[in-house]
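# Observations on chain architecture
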Amino acid sequence: MKILVIEDSERLQRSLELGLQRSGFAVDVVGDGEEGLAYAKHGGYDAIVLDLMLPKLSGIELLRRLRAGGSDAHVLILSAKDQVEQRIQGLQLGADDYLTKPFSFEELVARLRALVRRKYQSKSPVHRIEGLHIDTARRVVTRGEKEVALTPHEYSVLEYLLLRRGRVVNKQELLDHLYPVAGQASENAVEVLIHQLRKKIGGAGGGDPIRTRRGHGYLVE
Amino acid sequence: MHSIRRRLMIALAIGVTALIAGAGLYAQGILARRAAEQFDETLLGKARALFALTEEEEGKIELDYKPGFLPGFEREDRPDHFQYRLDDGRPLVRSPRLAPTEDLPHSVEFPAEPIFREGPLASGATYRTVQIAFVPRSKGPLLPDRERGVRGVILVVGSDRAPLDRLIAQMRWTILGPAAAAILLALLLVWRMVASGLRPLDEISRQVGRLDAENLGARVALPRAPSELAPIVHQLNALLTRLEEAFHRERRFTGNVAHELRTPISELRTLAEVAGRWPEDSATFYGDVVAIASQMERIVADLLLLARCQAGVERVEPRAAPLRQIVEAGCSRLRDRAQEKGSSLRVEVAEDLAAASDPDKLAIIVGNLLENAVCHSPSQSEIRCAATREGPLVRLEICNRAAALAPEDLARLGEPFWRKDDARTPLGHSGLGLAIVTALAKLLRHEIAFTLDPDGTFRARLSLLSSS
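What counts and how
- Residues numbered from 1 in each chain as written.
- Chains lettered and ligands numbered in written order.
- Predicted model: local features only at pLDDT ≥ 70, side-chain atom pairs only at ≥ 80, totals over all residues.
- Heavy atoms only, no water.
- Helix = DSSP H or I, 4+ residues; strand = E, 2+ residues; numbered from the N terminus.
- Buried < 20%, exposed > 50% of the residue type's maximum accessible area, 1.4 Å probe, protein only.
- Contact = heavy atoms within 4.5 Å.
- Areas by Shrake-Rupley, 256 points an atom, 1.4 Å probe, with all protein chains shown as cover.
- Pairing = 2+ DSSP bridges.
- Axes fitted to C-alpha atoms, helices over the stretch in contact; angles between N-to-C directions.
- pLDDT = per-residue confidence, 0-100.
- Buried area = accessible area lost by both parts, 1.4 Å probe.
- Salt bridge = Lys/Arg side-chain N within 4 Å of Asp/Glu carboxyl O.
- Polar contact = N/O pair within 3.5 Å; in protein donor to acceptor, adjacent residues only side chain to side chain.
- Nonpolar A, V, L, I, M, F, W, Y, C, P; charged D, E, K, R; others polar.
- Core = buried A, V, L, I, M, F, W, Y, C linked by side-chain atoms within 4.5 Å.

## Focus on the overall build of chain B
Secondary structure assignment for chain B yields 8 helices and 15 strands. Per-residue burial over chain B gives 40% buried out of 468 residues. Relative to all contacts within chain B whose residues are 6 or more apart in sequence, the contacts with residues 24 or more apart total 64%. In the form shown here, chain B has an accessible surface area of approximately 26,100 Å², with 58% of it arising from carbon and sulfur atoms.

See the structure below:
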């Protein structure tokens, strides 16, 4: 899942970037409103973490322009402004969620995952397919009683294909959602990831839920 | 506690009662005296009538009185009486109804003016009498009295004064009765007028009573305030406005403090949570933790300094403050940061300039002003610090470009945590710099002024007394 963090505190940027990456998100981080708006418009993010007090362009104004431009990106406002009116204003302008600082990192991750599920219209965090049991809330994949050990990227590929169930996802789209803009990964990396994923899932003694549509991409039916 | 209403009521009640009662008593007194005079005139008229009927002929005194001539002397009930005496007091004749055992009060004297007396008769009735003395008219030739050998006569005429007393009593009740009613009416009127006159005060009191910390935006509204109360209402509303502003400042300040601390706490918590879960990747976070601690330490230190300055308890050690040295020290601390922005710091302060100040506190002021200038000026710009002597004063000016600043922002520059940009300023800024400058300048009795040139040049001017 690809997340954009728009936050001017460099220290918070660093910890959020590391924490979200380690939680399986592809993360882009920007430090001001203008740059944040440019990224948000063109980045194809699954969710945006938005601070309100930003230099150059406030978070509220950024959100207003984003919505005025027709963007339906899921936005979570992360702000030290904790007044009810401020939260209402943010939500009325089109934010999908509001979290006040200081916050629990675990809660932020849980809310982001809920936002992503909402984006792909998947209410349940649990999926069953080809004997696999995938809990997107706990990021745990099991077959029967046995847990399938996946790396964060492998898990992210599987989760994304599940969320896009029934639709072909090409390699570029997978790349976009797996790696930040600044990432250097190529389509080969996707192929390697899919290969490793299939190996681990198949190695667990069950069927492979991932179908390959040659020249088009991958699909989970 | 004094009550204006009670005092007014008591004073007005006493005044009105005294006025009406006094006027009534005075009128009653005048009328009673007039009635008594009238009574006396009537009595004297009767005496004169008798005098006219009294004649002398050949040494004999005759009273030409016929029954029915003066009926007052003959009536049964409380008749008038008269009594003639010779000038030596011997009785001559008396009215028919005057008992032989009774005498009207008299004196053996021959006054020119009539003498009025009062006294009870044997019947118990109080009679008012008039005594006149005269020489009876002569029926013979008009000779002098001595030659005629005629003696004088004393005539006393008396009338029961009961009718006069009744009249006076009647007049008293005729006047004092309505006066008492008038007093009651006047008191009622006074009560209504006092209540009506004090109603605006009651209204103000009611409205003020409803004010509390939750509705300080309310104002005392008295659309038809009397001219005496209009300035009070105006001043009260002005006071409420100042109070509301102070409350808002206080709340804003508290909110800002919480906000300023919430940001580093938030950073610290996230750093700790992430570092706790992925410790192998978080070695660099320790530097951030130290920076956060330093930032919070500075916020707290600045807040304490600000609070001490505002409370006037920050210790001041006045002595000569070498301006050049202080400015150079401030600049050297900021030169690297200015160079990072491609900006420069220019100092135009003479070596020998010194101000009567507290050098340590002045260094904080100058340091904060310079830091503010470096932080908020655009890149590639010049920050100028100059000092000039003007008479007994030294004026220190720090100016820099501040394109984002508007003239209306100047009044808020000294407000704690006020920022033109809603976003955080670069690291290390607590948002208290200019608030501390303002508070310290006040504490040191220096004058600080912030101005903005039309071309966007911001000037902070500090006026100090020269130490020389």
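## A few points about the sheet that holds strand S14 (residues 447-452) of chain B
Residue and element names in this part refer to chain B. One open sheet accounts for 5 strands, arranged S10-S12-S13-S15-S14; its pairing is mixed. Looking along the sheet, the strands with just one partner apiece sit at the ends: strand S10 (344-348) and S14. The average undirected angle you get between the axes of adjacent strands in this sheet is 15°. Two strands pair when backbone bridges link them, and S10 and strand S12 (residues 382-390) are joined in this way by 5 bridges, in the parallel orientation. Each residue of the ladder has a partner; that of Ser 344, found in S12, is Glu 382. Here helix H6 (residues 323-340) sits on the sheet and contacts S10, S12 and strand S13 (393-401); the angle it forms with S10, its principal contact strand, is near 170°.

## A closer look at the sheet that holds strand S8 (residues 140-143) of chain A
Residues and elements named next belong to chain A. Spatially, 4 strands are ordered S6-S7-S8-S9 in an open sheet, and the strand pairing comes out antiparallel. The open sheet is flanked by strand S6 (126-129) and strand S9 (146-148), the only strands paired with a single partner. Each neighbouring strand pair of the sheet contributes to a mean axis angle of 30°, computed without reference to strand direction. Examined bridge by bridge, strand S7 (residues 132-135) and S8 share 4 bridges and lie antiparallel to one another. Paired with Leu 132 across the two strands is Arg 143, which belongs to S8. Running over the sheet, helix H6 (residues 152-163) touches S6, S7 and S8 and is turned about 95° from S7.

## A few points about the confidence of the model for chain A
This prediction gives chain A a mean pLDDT of 85; 95% of its residues lie at or above 70. Considering each helix and strand of chain A separately, the mean pLDDT is smallest for helix H7 (residues 171-178) of chain A, with a value of 80, and largest for strand S3 (residues 47-50) of chain A, with 94.

## What about the interface of chain A and chain B?
Chain A puts 26 residues into the contact, and the matching count from chain B is 25 residues. Carbon and sulfur atoms supply 54% of the area buried between chain A and chain B, which totals about 2,400 Å² over both sides. The interface formed by chain A and chain B holds 4 salt bridges in total. Among the ionic pairs, Arg 277 of chain B bridges to Glu 106 of chain A, the shortest N-O distance being 2.4 Å. Remark: the boundary between chain A and chain B carries 10 residue pairs in polar contact (both at pLDDT 80 or more). Elements represented by at least two residues in the side of chain A that touches chain B include exactly helix H1 (10-22) and helix H5 (105-119) of chain A. With 8 residues, the top contributor of residues to the side of chain A that touches chain B is H1 of chain A. For the side of chain A that touches chain B, the class distribution of residues is 10 nonpolar, 5 polar and 11 charged.

## Concerning unusual backbone geometry
A cis amide bond links Lys 101 of chain A to the next residue, Pro 102 of chain A, at an omega of -5°. Within the secondary structure, Pro 102 of chain A sits in the loop between strand S5 (97-100) and H5. Even without being a glycine, Arg 78 of chain B presents a positive backbone phi close to 45°. If you trace the backbone, Arg 78 of chain B turns up in the loop between strand S2 (60-63) and strand S3 (81-86).

## Overview of the environment of Arg 117 of chain A
Residues and elements named next belong to chain A. Along the polypeptide, Arg 117 turns up in helix H5. On the basis of relative accessibility, which here comes to 17%, the residue Arg 117 falls in the buried class. Taking the C-alpha atoms as reference points, Arg 117 and Ala 137, separated by 20 residues in sequence, lie 9.9 Å from one another.

## Comments concerning the pattern of salt bridges
Applying the stated criterion to the full structure yields 56 salt bridges over all chains. Linking Arg 65 of chain A and Glu 61 of chain A is a salt bridge whose minimum nitrogen-to-oxygen distance equals 3.1 Å. Here Glu 61 of chain A and Arg 65 of chain A lie together in helix H3 (residues 59-68), a separation of 4 residues that amounts to about one turn. Close ionic contact of Arg 324 of chain B with Glu 351 of chain B constitutes a salt bridge, the shortest N to O distance being 4.0 Å. Within this pair, whereas Arg 324 of chain B is found in helix H6, its partner Glu 351 of chain B is found in the loop between S10 and strand S11 (354-357), the two being separated by 27 residues in sequence. The class of Arg 324 of chain B is partly exposed, set by a relative accessible area of 25%. A single salt-bridge network, built from bridges that share partners, covers Arg 346, Glu 348, Glu 382, Arg 384, Glu 397, Asp 453, Arg 459 and Arg 461 of chain B.

## Some words on the nonpolar core
Nonpolar side chains tend to gather and get buried jointly when the protein is soluble and globular. If you look at the biggest cluster of nonpolar residues, it comprises 53 residues, and the most contacted ones within it are Leu 20, Leu 108, Leu 112 and Leu 174 of chain A. The element that contributes the greatest number of residues to this core is H6 of chain A, accounting for 7 residues. If sequence neighbours within four positions are ignored, Leu 108 of chain A has contacts with Leu 16, Val 49, Leu 76, Leu 99 and Phe 103 of chain A. Of all hydrophobic cores here, the second largest spans 52 residues; its members include Leu 334, Ala 355, Cys 385 and Ala 435 of chain B.

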